[in-house]
Amino acid sequence: MPKDKRLVESSLLKKGFCQDNAHHKFFYYQTMGGNLTHIHTYTSHGSKMNSLDDYLLNQMAKQCRLKNKQFLDLVDCSMDREGYEKILREKNLIDPLE
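Below, the structure is looked at part by part. No experiment lies behind these values; they were computed from the predicted model shown. Just so you know, the residues in each chain are numbered from 1, in the order the chain's sequence is written. Totals for whole chains, interfaces and linings use every residue, but because this is a predicted model, local features are given only for residues with pLDDT of at least 70 and side-chain atom pairs only at 80 or more, for both listing and counting. For the side-chain quantities, the full set of heavy atoms in the structure was used; hydrogens and water were omitted.

**Details of the overall build of the chain**
As a reminder, the rule being used: Comment: elements are numbered from the N terminus, with helices defined as DSSP H or I runs of at least four residues and strands as E runs of at least two. As defined in this context, the radius of gyration uses C-alpha atoms, and a globule is described by 2.2 Å times the residue total to the power 0.38. Burial classes: relative accessible area under 20% of the type maximum marks a residue as buried, over 50% as exposed, and values in between as partly exposed (1.4 Å probe, protein chains only). By the convention used here, residues are in contact when the closest approach between their heavy atoms is within 4.5 Å. Exposure was quantified through the Shrake-Rupley algorithm and a 1.4 Å probe, taking into account, for residues, occlusion by the shown protein chains and nothing else. Residues scored as positive are Lys and Arg, those scored as negative are Asp and Glu, and His as well as the terminal groups of each chain are ignored. For this purpose, a charge sits on NZ of Lys, CZ of Arg, CG of Asp or CD of Glu.
When its secondary structure is counted, the chain shows four helices and five strands. For 98 residues, the compact-globule formula gives about 13 Å, and the C-alpha radius of gyration of the chain, at 13 Å, lands near that figure. Expressed as lengths along the three principal axes of its C-alpha atoms, the size of the chain is roughly 45 × 25 × 20 Å. Relative to its full complement of 98 residues, the chain shows a buried share of 32%. Residue pairs in contact within the chain that sit at least 24 positions apart in sequence constitute 47% of those at least 6 positions apart. Just so you have it, the chain exposes about 5800 Å², and 53% of that area is on carbon and sulfur atoms. Charged side chains of the chain number 15 positive and 13 negative; the gap between the two group centres comes to 4 Å.

**Thoughts on the sheet that holds strand β3 (residues 24-30)**
How we decide: Two strands pair under a simple rule: DSSP has to find at least two bridges between them. With axes taken as lines fitted to C-alpha atoms, and helix axes fitted only over the stretch in contact, angles between N-to-C directions fall between 0 and 180 degrees.
In spatial order, the strands read β2-β3-β4; together these three strands make up an open sheet with antiparallel pairing. Each edge of the open sheet is held by one strand with a lone partner, namely β2 (17-21) and β4 (36-44). Across the sheet, the mean angle separating the axes of adjacent strands is 25° when strand polarity is ignored. Strand direction decides the pairing type here: β3 and β4, joined by six bridges, are antiparallel. Across the sheet, Q30 pairs through a bridge with L36, a residue of β4.

**Things to note about the packing of helix α1 (residues 5-14) against helix α3 (residues 68-75)**
We count it as follows: An angle below 35 degrees is read as roughly parallel, one above 145 as roughly antiparallel, one from 65 to 115 as roughly perpendicular, and any other as oblique.
It is the contact of α1 with α3, at a shortest axis distance of 8 Å, that shows an interaxial angle of 80°. Accordingly, the angle class assigned to the pair α1 and α3 is roughly perpendicular. For the pair α1 and α3, the contacting residues are L7, V8, S11 and L12 in the first and F71, L74 and V75 in the second.

**A look at the packing of aromatic side chains**
Quick reminder of the rule: Working definition: a ring pair exists when centres of Phe, Tyr or Trp rings (six-membered ring for Trp) sit within 6.5 Å. Plane angles under 30 degrees give stacked, over 60 give edge-to-face, the rest tilted.
Evaluation of the coordinates by the stated rule reveals five aromatic pairs. Between Y29 and Y84, the aromatic rings sit 5.0 Å apart at their centres with planes inclined by 85°, giving edge-to-face as the arrangement. Taken as a pair, Y29 in strand β3 and Y84 in helix α4 (residues 81-90) lie far apart in primary sequence, 55 residues in all. Judged on exposure class, the residue Y29 and its partner Y84 are both buried.

Below is the structure:
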């Protein structure tokens with residue numbers, strides 16, 4: 001199901017992603033401990049694209065190292081930042097001591 005691009009971007013920022021504007025809007029994840037990670041995703045600046053379709057949401061989920069449902073939970077706020085970091089720790093993508 002398509003999602004509003006602004007809603008997805010806003011949710012990522014609330015969950016610890018930092019935004020870097022280039023040709024695309026890049027979002028890099030920063031842990032609660034303040035460490036910048038290699039986990040990132042992006043959206044296009046394209047003015048014609050106001051929503052993200054299932055394919056793009058799937059790609060963003062992969063980039064964030066989540067399954068589709070987990071990514072949608074992150075965006076829809078049923079998964080909080082602590083829950084996201086727990087998943088990243090279980091996958092050994094961030095330091096367990098953070």
